[in-house]
Amino acid sequence: MTNDARAKLDEFFLAFTGAARPSLLLDYDGTLAPFRVDRFQARPWAGVRKLLTCIQNQGRTRMVVVTGRPAAEILPLLSVEPTPEIWGLHGAERLHADGRREFEELSPATRSTLETLPERLRTDSTGGLIEVKPNAVVMHWRGVTPARAKIIEKQTRALFEPLAQIDGLSLLEFEAGLELRAGRDKGGAVTAILEETAGPNPHPTAYLGDDLTDESAFRAIKGHGLGVLVRRQIRPTAADVWLRPPEELHDFLKRWFRACAHLQSNLYDPLLNSR
Ligand SMILES: [Mg+2]
């Protein structure tokens, strides 16, 4: 970690004082959990679930998972209690901790465009995994050869790019796929969350993410909190700090827990006591 990153982290955690109500915003795949070709097998890095559970049990942090997946897919994989709030579908869906669900409704025209896509992708493309979401159609090429990935990408772009010009639809690029979608993106989700937490008390907020889709969130949090790129390799990013998972992610979450512990007195510290 660079000295600049260290200084930014020091400055960030200094704001955990007095009546501070910190918010911890977390992407899931690639950030809390290593990628799996079968995404239903993507479980958190060892130790991460325990750290998140400790932070949740402190009751000081507003923890929010912001994921591209449908929110309900995350709950059994994350398996953290008390359940955090989850913004799914890149922010188009919101699953509250008490189970209430909000979803940005699509216009009939947008819905009918999206409905025709899976069949057209099956006809046009030469492989890849098609995922149908309530607000989007996704083509994934994780796990295929680079040559095959190029072909799938080219054919998917030929279909998605003209449609992305239509009102209400946009193209979302990520590291092993393309999504044609409607609704709020992760930047919009972060802006909405920041607006809700605005108030008299300081609310230090961090957003942790790995993918190109997290860049809108890093831009949204600029000037309001800390953007953290969690990734094995650095890349051009709007984030303030880069952490290599899982070790530096562990260190960050431990530091978060301890910074929150200082907000309370007489706190039992399961991290310190497990040593
Ligand atoms: Mg991710």
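Here the structure is shown first, and the text comes after it.
Not measured: the values here are computed from a predicted model. (Residues numbered from 1 in each chain as written. Predicted model: local features only at pLDDT ≥ 70, side-chain atom pairs only at ≥ 80, totals over all residues. Heavy atoms only, no water.)

**Student:** Just to check I follow, could you spell out the coordination of the magnesium ion for this structure?
**Tutor:** For a metal bound by four donors in a tetrahedral arrangement, the ideal donor-metal-donor angle is 109.5 degrees, while six donors in an octahedral arrangement ideally sit at 90 or 180 degrees. The coordination sphere of the magnesium ion contains the protein donors Asp27 (OD), Asp29 (O) and Asp210 (OD), at a distance range of 2.1 to 2.2 Å. Mapped onto the sequence, the donors of the magnesium ion take the spacing D-x1-D-x180-D. Here the two residues aspartate 27 and aspartate 29 agree in accessibility, since each one is buried. (Donors = N, O, S within 2.8 Å, 3.2 Å for Na, K, Ca; no water. Buried < 20%, exposed > 50% of the residue type's maximum accessible area, 1.4 Å probe, protein only.)

**Student:** Which parts of the structure should I look at to understand the packing of helix 4 (residues 108–124) against helix 5 (residues 146–163)?
**Tutor:** Each pair of packed helices can be described by the angle between their axes along with the distance between the axes. Put simply, helix 4 and helix 5 touch, their axes get as near as 10 Å, and they point 160° apart. As judged from the angle between their axes, helix 4 and helix 5 are roughly antiparallel. In terms of crossing hand, the pair formed by helix 4 and helix 5 is right-handed. In this structure, helix 4 uses Thr113, Leu117, Arg120, Leu121 and Asp124 to contact helix 5, whose residues at the interface are Gln155, Thr156, Leu159, Phe160 and Leu163. (Axes fitted to C-alpha atoms, helices over the stretch in contact; angles between N-to-C directions. Helix = DSSP H or I, 4+ residues; strand = E, 2+ residues; numbered from the N terminus. Parallel < 35°, antiparallel > 145°, perpendicular 65-115°, else oblique. Left-handed = near helix turned anticlockwise from the far one by under 90°. Contact = heavy atoms within 4.5 Å.)

**Student:** Where do I start with the nonpolar core in this structure?
**Tutor:** A general feature of soluble globular proteins is that nonpolar side chains tend to end up buried together. The biggest cluster of nonpolar side chains holds 39 residues, and the ones touching the most others in it are Leu24, Leu52, Leu208, Phe252, Leu253 and Trp256. The leading source of residues in this core is helix 8 (residues 247–261), at seven residues. Ranked by size, the runner-up nonpolar core spans 18 residues in total, among them Met139, Phe160, Leu180 and Ala182. (Core = buried A, V, L, I, M, F, W, Y, C linked by side-chain atoms within 4.5 Å.)

**Student:** I tried to follow the layout of surface pockets on my own but got confused; where do I start?
**Tutor:** Empty space among the atoms becomes visible once a probe the size of a water molecule is rolled across them. Of the voids in this model, the largest pocket is the one considered here, and its volume is about 470 Å³. Residue lining of the largest pocket: 26 residues in total, with Asp29, Phe35, Arg39, His140 and Phe174 positioned closest to the centre. Of all elements in the fold, only strand 6 (129–133) and strand 7 (136–140) reach the threshold of two or more residues within the lining of the largest pocket. Its residues assigned to classes, the lining of the largest pocket comprises eight nonpolar, six polar and twelve charged. Mapping the lining of the largest pocket onto the domain boundaries places at least three of its residues in each of domain 1 (3–101 + 184–273) and domain 2 (108–181). (1 Å grid on protein atoms, 1.4 Å probe; cavity = no way out; pocket = protein on both sides within 12 Å on 5 of 7 lines; lining within 4 Å. Points joined across faces, edges and corners; volume = space filled by probe spheres on them. Nonpolar A, V, L, I, M, F, W, Y, C, P; charged D, E, K, R; others polar. Domains from an automatic or database assignment.)

**Student:** I'm lost on helix 1 (residues 3–14) in this one. Help?
**Tutor:** Every α-helix carries 3.6 residues per turn, so stepping three or four residues along brings you back to the same face. Taking 1.5 Å of rise per residue, twelve residues should cover 16 Å, and helix 1 covers 16 Å from first to last C-alpha, within 8% of that figure. Listing the buried residues of helix 1 in full gives Ala5, Leu9, Phe12 and Phe13. What you see down the axis of helix 1 is that its buried residues fit within an arc of 90°, all on one side. Opposite its buried face, helix 1 presents the exposed residues Asn3, Glu11 and Leu14, each directed more than 90 degrees away. Check the buried side of helix 1 and you find it contacts strand 10 (205–209), strand 11 (226–230), strand 12 (241–243) and helix 8. (Expected span 1.5 Å × (residues − 1). Arc of directions from axis to C-beta.)

**Student:** Would you mind showing me how to read the sheet that holds strand 9 (residues 177–181) here?
**Tutor:** Strands pair in a sheet through their backbones, by hydrogen bonds, and they do so in one of two ways: parallel or antiparallel. Across the sheet, four strands lie side by side as 6-7-9-8; this open sheet has antiparallel pairing. The open sheet is flanked by strand 6 and strand 8 (170–174), the only strands paired with a single partner. Mean inter-strand twist for the sheet, computed between neighbouring axes without regard to direction, equals 15°. Bridging between strand 8 and strand 9 involves five bridges; their strand directions are antiparallel. (Pairing = 2+ DSSP bridges.)

**Student:** What is the right way to read the packing of helix 2 (residues 48–58) against helix 8 from this model?
**Tutor:** For the pair helix 2 and helix 8, interaxial distance at closest approach is 10 Å and the crossing angle is 15°. Relative to helix 8, the element helix 2 lies roughly parallel. Crossing of helix 2 over helix 8 shows left-handed handedness. On the side of helix 2, the interface is formed by Val48, Leu51, Leu52, Cys54, Ile55 and Gln58, while helix 8 contributes Leu249, His250, Leu253, Lys254, Trp256, Phe257, Cys260 and Ala261. Grouping the constituent residues of the contact of helix 2 with helix 8 by class yields eleven nonpolar, two polar and one charged.

**Student:** Is there a simple way to think about unusual backbone geometry in this case?
**Tutor:** For residues besides glycine, phi is generally negative; the peptide bonds are generally trans as well. Going from glutamate 81 to proline 82, the amide bond is cis rather than trans, its omega being -5°. The topology assignment puts proline 82 in the loop between helix 3 (71–78) and strand 3 (85–88). At the junction of proline 245 and proline 246, the peptide bond is cis and its omega measures out at 0° in the coordinates. When you line up the elements, proline 246 lands in the loop between strand 12 and helix 8. For serine 79, which is not glycine, the phi torsion reads 50° and is therefore positive. Within the element layout of this structure, serine 79 appears in the loop between helix 3 and strand 3. Phi at histidine 90 takes a positive value of approximately 60°, unusual for a residue other than glycine. Its place among the elements puts histidine 90 in the loop between strand 3 and strand 4 (93–95).

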